[in-house]
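A structural walkthrough
Here is how the chains run, residue by residue.
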Amino acid sequence: MIVNAAKRLALVIVAMAMAMSSATAAPVPPDELVRQTIEEVLEIIRADERIQSGDVARIAEVMEQKIAPHFDFPRMTRLAVGRPWRQATPEQRTALIREFRTLLIRSYASAFTMYKAIYIEYKPLRASSDATDATVSTLIRLPGGAQPVEVDYAMALTDDGWKVFDVRLGGASLIINYRNIFSQEIQRGGIQGLLDSLIQKNAGDLSAAAKTQ
């Protein structure tokens, strides 16, 4: 009994030490996090037969596993809704975050079905080592000599590491774009009208949605 108790105590101490070491470990720098994540996703996309055959559901699955953990969806949703967020009930806020997350994941999935043979350039990070906000700038080079696309990731340091809270394509903010769209929905039907609209958009078939987004 004493031996078993000692073993349990030892396991608890080890677990606590591991938790403390992981909590105090320095987070991965934002530019390195973006690079690692994007390159890992591109590698999967190039090798996955289902994705190469146009399986959007499989791409969405990869986005959910590899991309979603690095996005601050609650903050993104709050910023996209704007001031009317204060009017939303706790239940509506939870539902809005869920539906907006789904919408963004689908949008990313559909984008990758259109642009597979791409090359990403990563620009040097301009932020101090103790910064809590940073912008990671990239340049997407498209096949066929198409005009490259500038993509900037606005990130903030959280308790769970660096998280993306906005994406700017060619200088245009994704959050502001959605805020304009959401504002119109809220004017027509309030917060619930916006939520119903998001639910309806997400209820469609993923493959069909990819063709219209």
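For clarity, every value in this text was computed on a predicted model and none was experimentally measured.

With that settled, consider the pattern of salt bridges. It is possible for side chains bearing opposite charge to pair when their charged atoms get close. Summed over the entire model, instances satisfying the criterion amount to eight salt bridges. Residues Lys66 and Glu40 are paired through a salt bridge, measuring 2.9 Å at the closest nitrogen-oxygen approach. Taken together, the positions of Lys66 in helix α4 (residues 56-67) and Glu40 in helix α2 (residues 30-47) put the pair 26 residues apart, joining distant regions of the chain. Classification of Lys66 as partly exposed rests on a relative accessible area of 25%.

Bridging between strand β1 (residues 119-122) and strand β2 (residues 133-141) involves four bridges; their strand directions are antiparallel. Residue Ile120 lies in a different strand from β2, and its bridge partner there is Ile140. As paired elements, β2 and strand β3 (residues 149-158) share eight bridges and run antiparallel to each other. Following the sheet pairing, Ile140 is matched in β3 by Val149.

What follows covers the nonpolar core. Nonpolar side chains in soluble globular proteins tend to end up buried together. Within the largest apolar cluster, 54 residues are counted, with the highest numbers of intra-cluster contacts made by Met63, Met76 and Tyr153. Among the elements that take part in this core, helix α7 (residues 174-203) stands out by supplying nine residues, more than any other.

Regions with low pLDDT carry predicted coordinates that are not meant to be interpreted in detail. Of the residues in the protein chain, 82% reach a pLDDT of 70 or more, and the chain-wide mean stands at 84. For the protein chain, helix α1 (residues 2-24) is the element with the lowest average pLDDT, namely 42, and helix α5 (residues 73-81) is the one with the highest, namely 98. A low-confidence stretch, residues 1-24 (pLDDT under 50), is modelled with zero contacts involving residues beyond four sequence positions or located in other chains.

A sheet is described by the order of its strands in space; here five strands give the open sequence β1-β2-β3-β4-β5, paired in antiparallel fashion. Lying at the two open borders of the sheet, with one neighbouring strand each, are β1 and β5 (172-173).

Cut-offs applied
Residues numbered from 1 in each chain as written. Predicted model: local features only at pLDDT ≥ 70, side-chain atom pairs only at ≥ 80, totals over all residues. Heavy atoms only, no water. Salt bridge = Lys/Arg side-chain N within 4 Å of Asp/Glu carboxyl O. Helix = DSSP H or I, 4+ residues; strand = E, 2+ residues; numbered from the N terminus. Buried < 20%, exposed > 50% of the residue type's maximum accessible area, 1.4 Å probe, protein only. Pairing = 2+ DSSP bridges. Core = buried A, V, L, I, M, F, W, Y, C linked by side-chain atoms within 4.5 Å. pLDDT = per-residue confidence, 0-100. Contact = heavy atoms within 4.5 Å.

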